[in-house]
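Letter by letter, the chains look like this.
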Amino acid sequence: LKDILRAIIYEPISAWDARSIWYFKSKQLFFANGLNESTGINTFFSTNVAHAEYPLLIPMLGAIIAKYAGFWNEYLPKSNLIFLWIGVVFAFYSLKNINVIIKVLIFVTMMILSPFYLTIGYMDVWLGIYAAISILFLMEYINTFNKEYLLSSLCCMVFCNYIKQEALLIIVSILISFIIILFLTKNKRLIKFTARRMLKILPMIAILIIPYLIWFYYKMKWNLSATDFDFGRLTQLSSYSIAKFILIYKNLIMPINFTKIVDRKSTRLNSSHLGI
């Protein structure tokens, strides 16, 4: 961990994607003193090379660090990765029902498998980490039926959309899978209980989505379209088939018996525990 922090702070921004996407945006925000007409987000280079439509949270953090220091260089803005690390540490601390040894093993494995990509400013690995954390919180919710875990999972999902554009597809997949698994358990009390919990925390989630909607407005205003994945494909019925869903069920859901795990957990609970 010490070597990773040293690499974040003392190594310059050199990787192509980091320089041309997230920290290029960060530089634009720094010199334009925020998001405005002079930022240059909708210039030719931004729209054709720098993925202008990508979220601005990570670049904004880098710009704030540089603004606080009073100057821009190729080292300071990359310190924004420390905030991502802090989020991971808090998440692992919040997963109280997972054995400490297992949490340490997961944490160490994460650092061993991706130390390079965790320090150079690429967001792909960080998106995967926070998406995985959202799944861990969902699993904790299934184990404890504690609404704080459900809220934490949804907050992580929202945060993923502030890291990278492709997060929307990942989060929709996680939510749909979770809902399908709930219905496969055929436990009506569990389904009603979870639905009520979600309705109670929706106002807080709605507040967290406001910055995303503001950025969506600016993307529409400046005609910034996606350059990686055409999300319009999601609305094309030809992209879906029963055979594909059956294949996913047989090869991903059935082998791990996750629906049985959820069903066993839910049947142990009486109606008073579920609050119904």
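Criteria and thresholds
- Residues numbered from 1 in each chain as written.
- Predicted model: local features only at pLDDT ≥ 70, side-chain atom pairs only at ≥ 80, totals over all residues.
- Heavy atoms only, no water.
- Helix = DSSP H or I, 4+ residues; strand = E, 2+ residues; numbered from the N terminus.
- Buried < 20%, exposed > 50% of the residue type's maximum accessible area, 1.4 Å probe, protein only.
- Patch = residues over 30% accessible without salt bridge, like charges linked within 9 Å, V, L, I, M, F, W, Y side chains within 5 Å.
- Areas by Shrake-Rupley, 256 points an atom, 1.4 Å probe, with all protein chains shown as cover.
- Salt bridge = Lys/Arg side-chain N within 4 Å of Asp/Glu carboxyl O.
- Lys, Arg positive; Asp, Glu negative; His and termini not counted.
- Charge placed at Lys NZ, Arg CZ, Asp CG, Glu CD.
- Phe/Tyr/Trp six-rings, centres within 6.5 Å; stacked < 30°, edge-to-face > 60°.
- Axes fitted to C-alpha atoms, helices over the stretch in contact; angles between N-to-C directions.
- Parallel < 35°, antiparallel > 145°, perpendicular 65-115°, else oblique.
- Left-handed = near helix turned anticlockwise from the far one by under 90°.
- Contact = heavy atoms within 4.5 Å.
- Nonpolar A, V, L, I, M, F, W, Y, C, P; charged D, E, K, R; others polar.
- Polar contact = N/O pair within 3.5 Å; in protein donor to acceptor, adjacent residues only side chain to side chain.
- Expected span 1.5 Å × (residues − 1).
- 1 Å grid on protein atoms, 1.4 Å probe; cavity = no way out; pocket = protein on both sides within 12 Å on 5 of 7 lines; lining within 4 Å.
- Points joined across faces, edges and corners; volume = space filled by probe spheres on them.
- Core = buried A, V, L, I, M, F, W, Y, C linked by side-chain atoms within 4.5 Å.

Moving on, we get to the environment of Tyr218. In this fold, Tyr218 is placed in helix α10 (residues 188–221). On the accessibility criterion, Tyr218 (24% relative accessible area) is partly exposed. Taking C-alpha positions, Tyr218 is 9.7 Å from Leu35, a pair spaced 183 residues apart along the chain.

Taken together, Lys147, Lys188, Lys192, Arg196 and Lys200 make up a surface patch of like positive charges. Here the positive patch takes four residues from α10, the largest share from any one element. By secondary structure assignment, the location of Lys192 is in helix α10.

Throughout the structure, instances matching the rule amount to 13 aromatic pairs. Seen in terms of ring centroids, Trp22 and Tyr54 are 5.9 Å apart; in terms of plane orientation they differ by 35°. Their pairing is tilted. Of this pair, Trp22 sits in helix α2 (residues 16–31) while Tyr54 is found in the loop between α3 (44–48) and α4 (57–69), placing the two residues 32 residues apart along the sequence. Taking the relative accessible area as the measure of exposure, Tyr54 reaches 2% and is therefore buried.

Time to look at the packing of helix α7 (residues 124–144) against helix α9 (residues 167–184). Each pair of packed helices can be summarised by the angle the axes make with each other and by the distance between the axes. The interhelical angle for the contact between α7 and α9, taken along N-to-C directions, is 15°, at an axis separation of 11 Å. Taken together, the axis directions place α7 and α9 in an arrangement best described as roughly parallel. Between α7 and α9 lies a crossing of right-handed hand. On α9, the residues touching Leu127, Ala131, Ser134, Ile135, Leu138, Tyr141 and Ile142 of α7 are Ala167, Ile170, Ile174 and Phe178. When the residues that make up the contact of α7 with α9 are grouped by side-chain class, the tally is 10 nonpolar, one polar and no charged.

Turning to its location among the elements, Asn187 is positioned in the loop between α9 and α10. Judged by relative accessible area, which is 12%, Asn187 ranks as buried. Within the structure, Asn187 has its side chain in polar contact with the backbone nitrogen of Arg189 (distance 3.2 Å).

When the terminal C-alpha atoms of helix α6 (residues 100–113) are compared, their 20 Å separation across 14 residues agrees well with the 20 Å that a helix rising 1.5 Å per residue should span. Those residues of α6 hidden inside the fold are in contact with α1 (2–10), α5 (81–94) and α7. Measuring from the backbone nitrogen of Ile101 back to the side-chain oxygen at the start of α6 gives 2.8 Å, which picks out Asn99 as the cap.

Moving on: the layout of surface pockets. Empty space within the second largest pocket amounts to approximately 300 Å³. If you trace the second largest pocket, you find 15 residues lining it, with Val158, Ile171, Leu175, Ile205 and Ile209 closest to the centre. Elements with a minimum of two residues in the lining of the second largest pocket: α8 (147–160), α9 and α10. Counted by class, the lining of the second largest pocket contains 14 nonpolar, one polar and no charged residues.

If you look at the biggest cluster of nonpolar residues, it comprises 57 residues, and the most contacted ones within it are Trp85, Val88, Met123, Trp126, Tyr130, Ile133 and Tyr141. The set of elements that each furnish at least two residues to this core consists of α1, α2, α5, α6, α7, α8, α9 and α10. For this core, the element with the highest residue contribution is α7, accounting for 11 residues. Look past the residues within four positions of Tyr141 in its chain and what remains in contact with it is Asn146, Tyr149, Leu150, Phe178, Phe193, Thr194 and Arg197. Ile41, Leu56, Trp215 and Leu224 belong to the second-largest nonpolar core, a separate cluster that totals six residues.

What follows covers the environment of Phe193. If you trace the backbone, Phe193 turns up in helix α10. Assessed through its relative accessible area of 6%, Phe193 is described here as buried. For Phe193 and Phe145, which are 48 residues apart along the polypeptide, the C-alpha to C-alpha distance reads 9.0 Å.

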